[in-house]
Amino acid sequence: MKIIAICGSPRKGNTEFILKRILTKMEEQGHQTRLILLREKRIQFCDGCLSCDETEKCKLRDDMQIIYPQLEESDLIIFGSPVYFNNVTGMMKNFIDRLLPFYYKNKLRDKKIVAAIVGASDKIETIKKSTDCIKTAADLLKMSFVGDIYLVARKNDEVENNSESLKQIDKFAENLVS
Ligand SMILES: Cc1cc2nc3c(=O)[nH]c(=O)nc-3n(C[C@H](O)[C@H](O)[C@H](O)COP(=O)(O)O)c2cc1C
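As the structure is a prediction and not an experimental result, all values here were calculated from the model.

Reading the values: the criteria
All residue numbers refer to position in the chain's written sequence, counted from 1. Given that the model is predicted, a residue must reach a pLDDT of at least 70 before its local features are reported, and side-chain atom pairs must reach 80 or more before they are shown or counted; all residues, however, enter totals for whole chains, interfaces and linings. Nonpolar core, as used here: buried Ala, Val, Leu, Ile, Met, Phe, Trp, Tyr and Cys residues forming one set through C-beta atoms within 7 Å. Any residue with 12 or fewer other C-beta atoms within 10 Å of its own C-beta is exposed, any with 20 or more is buried, and the rest are partly exposed; the C-beta atoms used are placed from the backbone. Contact between residues is assigned whenever the C-beta positions, reconstructed from backbone atoms, fall within 7 Å. Interaxial angles span 0 to 180 degrees and are taken between N-to-C directions of axes, which are lines fitted to C-alpha atoms, for helices over the stretch in contact. A run of H or I in DSSP becomes a helix once it reaches four residues, and a run of E becomes a strand once it reaches two; helices and strands are each numbered from the N terminus. Roughly parallel means an angle under 35 degrees; roughly antiparallel means over 145; roughly perpendicular covers 65 to 115; every other angle is labelled oblique. In this scheme the handedness of a crossing depends on how the near helix is turned from the far one: anticlockwise by less than a right angle means left-handed, clockwise means right-handed. Think of it as three bins: nonpolar holds Ala, Val, Leu, Ile, Met, Phe, Trp, Tyr, Cys and Pro, charged holds Asp, Glu, Lys and Arg, and polar takes everything else, Gly as well. The span you would expect from a helix comes to 1.5 Å times its residue count less one. To obtain the bend at a residue, axes are fitted to the seven residues ending there and to the seven starting there, and the angle between these axes is taken. At least two DSSP bridges between two strands are needed for those strands to be called paired.

Here's the deal with the nonpolar core
Nonpolar side chains tend toward joint burial in soluble globular proteins. Membership of the largest hydrophobic core comes to 51 residues, with the highest contact counts inside it found for Ala5, Ile6, Ile18, Ile22, Ile78 and Ala116. Those residues in contact with Ile18, other than ones at most four positions away along the chain, are Gly80, Ala116, Val118, Leu151, Val159 and Ile169.

Focus on the packing of helix α1 (residues 14–28) against helix α7 (residues 163–176)
It is the contact of α1 with α7, at a shortest axis distance of 9 Å, that shows an interaxial angle of 45°. It follows that α1 is oblique to α7 by the angle criterion. The hand of the α1/α7 crossing is right-handed. The residues of α7 that touch α1, namely those facing Ile18, Arg21, Ile22, Lys25 and Met26, are Ile169, Asp170, Ala173 and Glu174. Of the residues belonging to the contact of α1 with α7, the class tally is 5 nonpolar, no polar and 4 charged.

Quick word on helix α6 (residues 124–140)
Helix length check: α6 (17 residues) gives 24 Å between terminal C-alpha atoms against 24 Å at 1.5 Å per residue, within 8%. Of all the bends in α6, the largest measures some 30° and sits at Asp132. Looking only at α6, the buried set comprises Ser130, Thr131, Cys133, Ile134, Ala137 and Ala138. On the buried face of α6, the contacting elements are β3 (76–82), α4 (90–97), β4 (112–119) and β5 (144–152). Positive backbone phi, at 60°, marks Lys142, one or two positions downstream of α6.

Let's talk about the environment of Lys142
The topology assignment puts Lys142 in the loop between α6 and β5. Sequence separation between Lys142 and Asn106 is 36 residues; the distance between their C-alpha atoms is 6.5 Å. Setting aside its immediate chain neighbours within four residues, Lys142 contacts Asn106 and Arg109.

Structural notes on the sheet that holds β4
Pairing between the strands of a sheet comes from backbone hydrogen bonds, and it takes one of two forms, parallel or antiparallel. Strand order across the open sheet formed by 5 strands is β2-β1-β3-β4-β5, with parallel pairing between neighbours. Of all the strands in the sheet, the pair left with one neighbour each is β2 (32–37) and β5. Sheet twist, expressed as the average angle between the axes of neighbouring strands with direction ignored, equals 15°. As judged from the 6 bridges shared by strand β1 (residues 2–7) and β2, these two strands associate in the parallel manner. Looking across to β2, one finds that Ile3 is bridged to Thr33. Packing of α1 onto the sheet brings it into contact with β1, β2, β3, β4 and β5, and relative to β1 it is tilted by some 170°. α7 rests against β4 and β5 of the sheet, and its axis sits at about 170° to β5.

In structure tokens, the structure reads:
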């Protein structure tokens, strides 16, 4: 299976750690993996031209042109984001907006998608609201939402220093493709 993880955190922190740990587990099971750190990519805002409606392509020349075929080739996409104001980060939302060329002809149809979210709060509305953003994108893109993991952390190294969080990630990774 080809697995891509998209990291929507602007810092080297918990989201990146969680995604790397999941991908390492997947590699141990023989899967092919790739991690995309959005903060290292040059990705412009969607300018709303809607020309992808007809062309099925985005006219903006930036790193999305490399990422589009990688997404099309994948079997499972992991969307990882910190919670910012009870939602995904702007960086992740912008990435989702740039998936519009895939929307019209359902080019990501039936691909598996999961959400990996980390926030400082363990309130149910925080968890639900941030995860719902990914679920909504999955629905609109006709993808198959197969699971989500939410971890509580505030400082950038909090997840990696919490043994319960590590167990939670490992269990999630084991169940992901079994
Ligand atoms: C601008 C900003 C807004 C945030 N908003 C929330 C929030 O609404 N709810 C919450 O639980 N945590 C919030 N946080 C905390 C982050 O989700 C938390 O620090 C998380 O561990 C960051 O993940 P990272 O280490 O992968 O960057 C916010 C942090 C920032 C910088």
